[in-house]
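Examining the three-dimensional arrangement
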Number of protein chains: 2
Amino acid sequence: MARTTLTRDEVLDAAASLVKQHGPAALTMRKLAAELGTAVTSIYWHVGNRESLLDALVERTVEEVGAIRPAGRTPGDRILSVARILRRELRERPHLIAMVHERGLTDRMFLPAQQALVHEVHAAGLRGTRAADAVRAIQFQIIGFVLVERNRERSPAQSPAESELWDPADAPHDPSLARALARPVDPERLFLLTLRALVKALLAPPAG
Amino acid sequence: MARTTLTRDEVLDAAASLVKQHGPAALTMRKLAAELGTAVTSIYWHVGNRESLLDALVERTVEEVGAIRPAGRTPGDRILSVARILRRELRERPHLIAMVHERGLTDRMFLPAQQALVHEVHAAGLRGTRAADAVRAIQFQIIGFVLVERNRERSPAQSPAESELWDPADAPHDPSLARALARPVDPERLFLLTLRALVKALLAPPAG
DNA sequence: ACCTGAACACCGTTCAAGT
DNA sequence: ACCTGAACACCGTTCAAGT
């Protein structure tokens with residue numbers, strides 16, 4: 001299995017694999033060269049330098065996350081389906097998403113989703129500024145939630161854990177609340193619950 | 001102004017200053033030593049190594065962000081005031097907050113705020129699981145929003161900018177929506193708008 | 001108890017030299 | 001057009017040696 005010529009795509013694939021497994025910090029030019037069986041300096045010929053290598057990985061990710069197909073009968077349902085799809089896509093590429101985020105390309109990555117949201121919010125009857133606000137509120141909510149969630153997963157044992165922080169004795173006459181807060185968060189449930197509440201309030205007719 | 005003895009606090013102060021100005025990547029042991037006018041290795045005697053130095057900075061931040069005094073007449077208003085205070089605290093220390101976040105200590109940093117939210121949600125009449133869900137939904141919302149917002153600020157010129165992405169011709173029969181999406185986000189406004197919508201829906205009596 | 005310089009193993013990157 | 005090793009300037013960290 002002797003190597004013939006190194007290609008840019010081979011470099012990108014190997015780099016993506018390293019990043020997906022161990023994060024961007026684990027991607028050193030020397031390790032990558034070892035992985036590819038070439039001299040470190042060969043990589044430079046194909047990708048310029050480490051920074052543009054990472055940029056290329058980010059570019060790939062932006063394109064991959066792009067495609068969105070909403071499902072559901074009502075605009076509300078379709079908005080929720082967009083949210084679920086995005087959450088899944090983001091969760092599959094935590095390190096790469098963080099890198100997209102660091103480079104400020106999150107908006108561009110979310111453009112197709114934003115267009116889908118515009119469509120649904122419009123279908124729900126919202127117009128003009130109110131529609132724009134709703135789209136952005138939902139967009140911020142989805143991205144923000146996934147960022148928080150990802151952090152919680154990545155973090156080692158929280159010290160002290162929420163369960164230790166919430167002693168039933170602390171709660172104001174509400175032991176069931178204390179117990180609920182001592183239980184670990186169910187992110188899927190909280191995600192949908194929050195989004196349903198938000199969508200409901202945003203799509204509701206304006207209150208006096 | 002000859003230095004007498006180096007103290008741990010001096011090291012931490014100088015390190016915090018470097019991090020606040022230029023981010024954690026700019027904090028190298030050699031630069032820090034130069035800043036303090038000592039040998040690199042002296043720092044190791046006081047703080048162990050770079051990682052525990054960063055840990056100490058994070059610990060400081062967790063304590064500083066702790067204190068919370070809600071204001072307002074209704075539970076809803078007080079929840080909003082907690083949100084605003086937190087947002088301000090977080091925005092003042094972007095780099096340090098990111099480091100707290102990376103170390104998975106966000107929950108602990110937010111414990112006082114969480115307790116305040118529990119109090120207000122309880123005052124609003126919510127009990128048990130529903131109260132716990134509301135607290136967590138609001139907490140995730142605040143943290144998530146600030147994370148997204150911080151990213152947008154930090155990011156260089158978005159390419160392409162949202163304003164270029166939204167050509168009025170694209171919008172489905174709603175030029176005012178397209179115009180609204182082409183305008184830059186007003187984060188303060190969007191933050192309050194989203195939070196009001198969420199709080200309203202969460203505190204409302206359960207719908208059938 | 002506190003500080004020091006020398007030394008080590010790692011980085012990313014450049015460059016002249018090869019084919 | 002593609003690959004290479006040597007060399008440079010940076011890292012964090014250890015350690016024996018100083019006071």
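This report concerns the structure included in the present document. As the structure is a prediction and not an experimental result, all values here were calculated from the model.

Cut-offs and rules
Residues numbered from 1 in each chain as written. Chains lettered and ligands numbered in written order. Predicted model: local features only at pLDDT ≥ 70, side-chain atom pairs only at ≥ 80, totals over all residues. Heavy atoms only, no water. Helix = DSSP H or I, 4+ residues; strand = E, 2+ residues; numbered from the N terminus. Buried < 20%, exposed > 50% of the residue type's maximum accessible area, 1.4 Å probe, protein only. Contact = heavy atoms within 4.5 Å. Areas by Shrake-Rupley, 256 points an atom, 1.4 Å probe, with all protein chains shown as cover. Least-squares fit on C-alpha atoms with pLDDT ≥ 70 in both. Core = buried A, V, L, I, M, F, W, Y, C linked by side-chain atoms within 4.5 Å. Near = heavy atom within 4 Å. Polar contact = N/O pair within 3.5 Å; in protein donor to acceptor, adjacent residues only side chain to side chain. Nonpolar A, V, L, I, M, F, W, Y, C, P; charged D, E, K, R; others polar. Buried area = accessible area lost by both parts, 1.4 Å probe. Salt bridge = Lys/Arg side-chain N within 4 Å of Asp/Glu carboxyl O. Phe/Tyr/Trp six-rings, centres within 6.5 Å; stacked < 30°, edge-to-face > 60°. Lys NZ or Arg CZ within 6 Å of the ring centre and 35° of its normal.

Quick notes on the overall build of chain A
The helix and strand tally for chain A stands at 12 helices and 0 strands. Counting from the amino terminus, helix and strand elements in chain A follow one another as α-α-α-α-α-α-α-α-α-α-α-α. Across the 208 residues that make up chain A, the buried fraction comes to 53%. Pairs at least 24 apart in sequence give 70% of the contacts found in chain A among residues at least 6 apart. Carbon and sulfur atoms provide 54% of the accessible area of chain A, an area that totals close to 9900 Å².

A few points about the relation of the copies chain A and chain B
For these two chains of identical sequence, chain A goes onto chain B by a turn of 180 degrees and a shift of 0.0 Å along the axis, with RMSD 0.0 Å. The superposition of one copy onto the other is thereby described by a two-fold rotation axis. Relative to the rotation axis, the closest C-alpha in chain A is found at G144(A), a distance of 1.8 Å.

What about the nonpolar core?
Ranked by internal contacts, the top residues of the largest apolar core, which has 142 residues, are L32(A), L53(A), L32(B) and L53(B). Beyond its immediate stretch of four places on either side in the chain, L32(B) contacts V11(B), A14(B), A15(B), L18(B), L27(B), I43(B) and L53(B).

Looking at the protein's contact with DNA strand C
Around DNA strand C, the surrounding shell holds 18 residues, and the nearest of these are R30(A), T41(B), S42(B), W45(B) and H46(B). Near-protein atoms of DNA strand C (within 4 Å) split between backbone and bases, with sugar and phosphate holding 52%. Here a base oxygen of DNA strand C and a side-chain polar atom of T41(B) are 3.1 Å apart. Here a phosphate oxygen of DNA strand C sits 3.3 Å away from a polar atom, N or O, in the side chain of H46(B). Of all the secondary-structure elements, those providing two or more residues to the surface near DNA strand C are α2 (29–36) and α3 (40–47) of chain A together with α3 (40–47) of chain B. At 4 residues, the largest contribution of residues to the surface near DNA strand C is made by α3(B). Tallied by class, residues from the surface near DNA strand C come to 7 nonpolar, 8 polar and 3 charged.

Some details on the protein's contact with DNA strand D
Around DNA strand D sit 18 residues in total, of which T41(A), S42(A), W45(A), H46(A) and R30(B) are the nearest. The contact in question runs from a phosphate oxygen of DNA strand D to an N or O atom on the backbone of L6(A), over 2.9 Å. In this structure, R30(B) approaches DNA strand D through a side-chain N or O atom, which is 2.4 Å from a base nitrogen. For the surface near DNA strand D, the elements supplying multiple residues, two or more each, are α3 of chain A together with α2 (29–36) and α3 of chain B. Examining the composition of the surface near DNA strand D, we find that 4 residues originate from one element, α3(A), more than from any other. Residues belonging to the surface near DNA strand D are distributed by class as follows: 7 nonpolar, 8 polar and 3 charged.

Focus on the interface of chain A and chain B
Contacts between the two partners involve 61 residues from chain A, matched on the other side by 62 residues from chain B. Together chain A and chain B conceal approximately 5400 Å² of surface at their shared face, both sides included; 63% is due to carbon and sulfur atoms. Our count for the chain A to chain B interface comes out at 2 salt bridges. For R189(A), the salt bridge identified is with D133(B), shortest N-O distance 2.4 Å. Of the residues forming the side of chain A that touches chain B, the biggest block, 19 residues, is contributed by helix α9 (residues 128–154) of chain A. Partitioning the side of chain A that touches chain B into residue classes produces 29 nonpolar, 17 polar and 15 charged.

Details of the packing of aromatic side chains
Applying the stated criterion across every chain yields a total of 4 aromatic pairs over all chains. Of the aromatic side chains, those joined through ring pairs into one cluster are F140(A), F145(B) and F191(B). The ring of F191(A) carries the charged tip of R87(A) above its face, separated from the ring centre by 5.4 Å.

Describing the environment of V148(A)
By the element assignment, V148(A) lies in helix α9. Take V148(A): its relative accessible area is 4%, and that puts it in the buried class. Residues V148(A) and T74(A) lie 74 residues apart in sequence; the distance between their C-alpha atoms is 28 Å. Other than its neighbours up to four places away in sequence, V148(A) contacts H101(B), F140(B), I143(B), G144(B) and L147(B).

Everything listed here is a matter of coordinates, which is why it stays silent on function.
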